[in-house]
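Below, each chain spelled out in residue letters.
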Amino acid sequence: QVQLVESGGGLAQPGGSLRLSCAASGNILSNNAMGWYRQAPGKERELVAQITSSGLTNYADSVKGRFTISRDNAKNTLALQMNSLKPDDTAVYYCKLTNYGYVARSYWGRGTLVTVSS
């Protein structure tokens, strides 16, 4: 019903920057929220940042002030600008979209790997 494809992952040095992108397609409702989650080896998947269709944002405390989430509703794309990267940011980053219809339904991308190492 909804397909999500992440891109932009790679290797960055501590203190460096990366920009992740997510392209959404399919049955995307006007009332929706998109977000970035990440999962490191041996760890649970955790919320990084989310943004509603109206532009309201929420960030994990660990990334607040360093990461910026944004979206382009016309293109159905989502971005995550990651600055001042730390080794603890190393993880697979997943894009998520939630449609708010008569019931809320969430969809996930396959993920893109971010490695922060000197």
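As a reminder, the structure under discussion sits directly above these lines.
For every chain, the first residue of its written sequence is number 1, and the numbers climb from 1 along that sequence. In keeping with the model being predicted, local features are shown solely for residues with a pLDDT of at least 70 and side-chain atom pairs are shown and tallied solely at 80 or more, while totals for entire chains, interfaces and linings include all residues. Side-chain metrics in this entry use all non-hydrogen atoms of the structure; hydrogen atoms and water are not considered.

Asks: Now, about the state of the cysteines: what can you tell me, with residues and values included?
Replies: Our working definition of a disulfide is a cysteine sulfur pair at a distance within 2.5 Å. In this structure the tally under the stated criterion is one disulfide. Each sulfur in the disulfide pair Cys22 and Cys95 lies 2.1 Å from the other. Across the S-S bond linking Cys22 and Cys95, the dihedral sits near -80°, which makes this disulfide left-handed. Here the residue Cys22 occupies a position in strand E3 (residues 18–26), and Cys95 occupies one in strand E9 (residues 91–100), the gap between them amounting to 73 residues. The way it works is that DSSP assigns letters per residue, a run of H or I at least four long becomes a helix, a run of E at least two long becomes a strand, and they are numbered from the N terminus.

Asks: How would you explain the side chain of Asp89 if you had to name every residue and give the values?
Replies: With respect to the helices and strands, Asp89 occurs in the loop between strand E8 (77–82) and E9. Pairs of N or O atoms within 3.5 Å make up the polar contacts considered here, provided that, within protein, one atom can donate a hydrogen while the other can accept it, and that residues adjacent in sequence are counted only when both atoms are side-chain atoms. Within polar-contact distance, the side chain of Asp89 engages the side chain of Arg66 at 2.8 Å. Whether two residues touch is decided by their heavy atoms; if any such pair falls within 4.5 Å, the residues are in contact. With near-sequence residues (within four places) excluded, Asp89 lies in contact with Arg38, Arg66, Phe67, Ser84, Val114 and Val116.

Asks: I'd love a proper account of the pairing of E8, names of residues and values included.
Replies: Bridge count between E3 and E8: six bridges; the pairing is antiparallel. Note that in E8 the partner of Leu18 across the bridge is Met82. Strand pairing is assigned whenever DSSP identifies at least 2 bridges connecting the two strands. Pairing analysis gives six bridges linking strand E7 (residues 67–72) to E8, with the strands arranged antiparallel. The residue of E8 that forms the bridge with Phe67 is Met82.

Asks: So what's going on with unusual backbone geometry? Residues and values would help.
Replies: Of note, Asn76 is a non-glycine position whose phi angle comes to about 55°, a positive value. Relative to the helices and strands, Asn76 is located in the loop between E7 and E8. Relative accessible area serves as the criterion here: at 29%, Asn76 is assigned to the partly exposed category. The phi torsion at Ser84 lies on the positive side, around 50°, for a residue other than glycine. Tracing the sequence through the fold places Ser84 in the loop between E8 and E9. For every residue, the accessible area (1.4 Å probe, protein chains only) is compared with the maximum for its type, and the residue is labelled buried under 20%, exposed over 50%, or partly exposed between those bounds.

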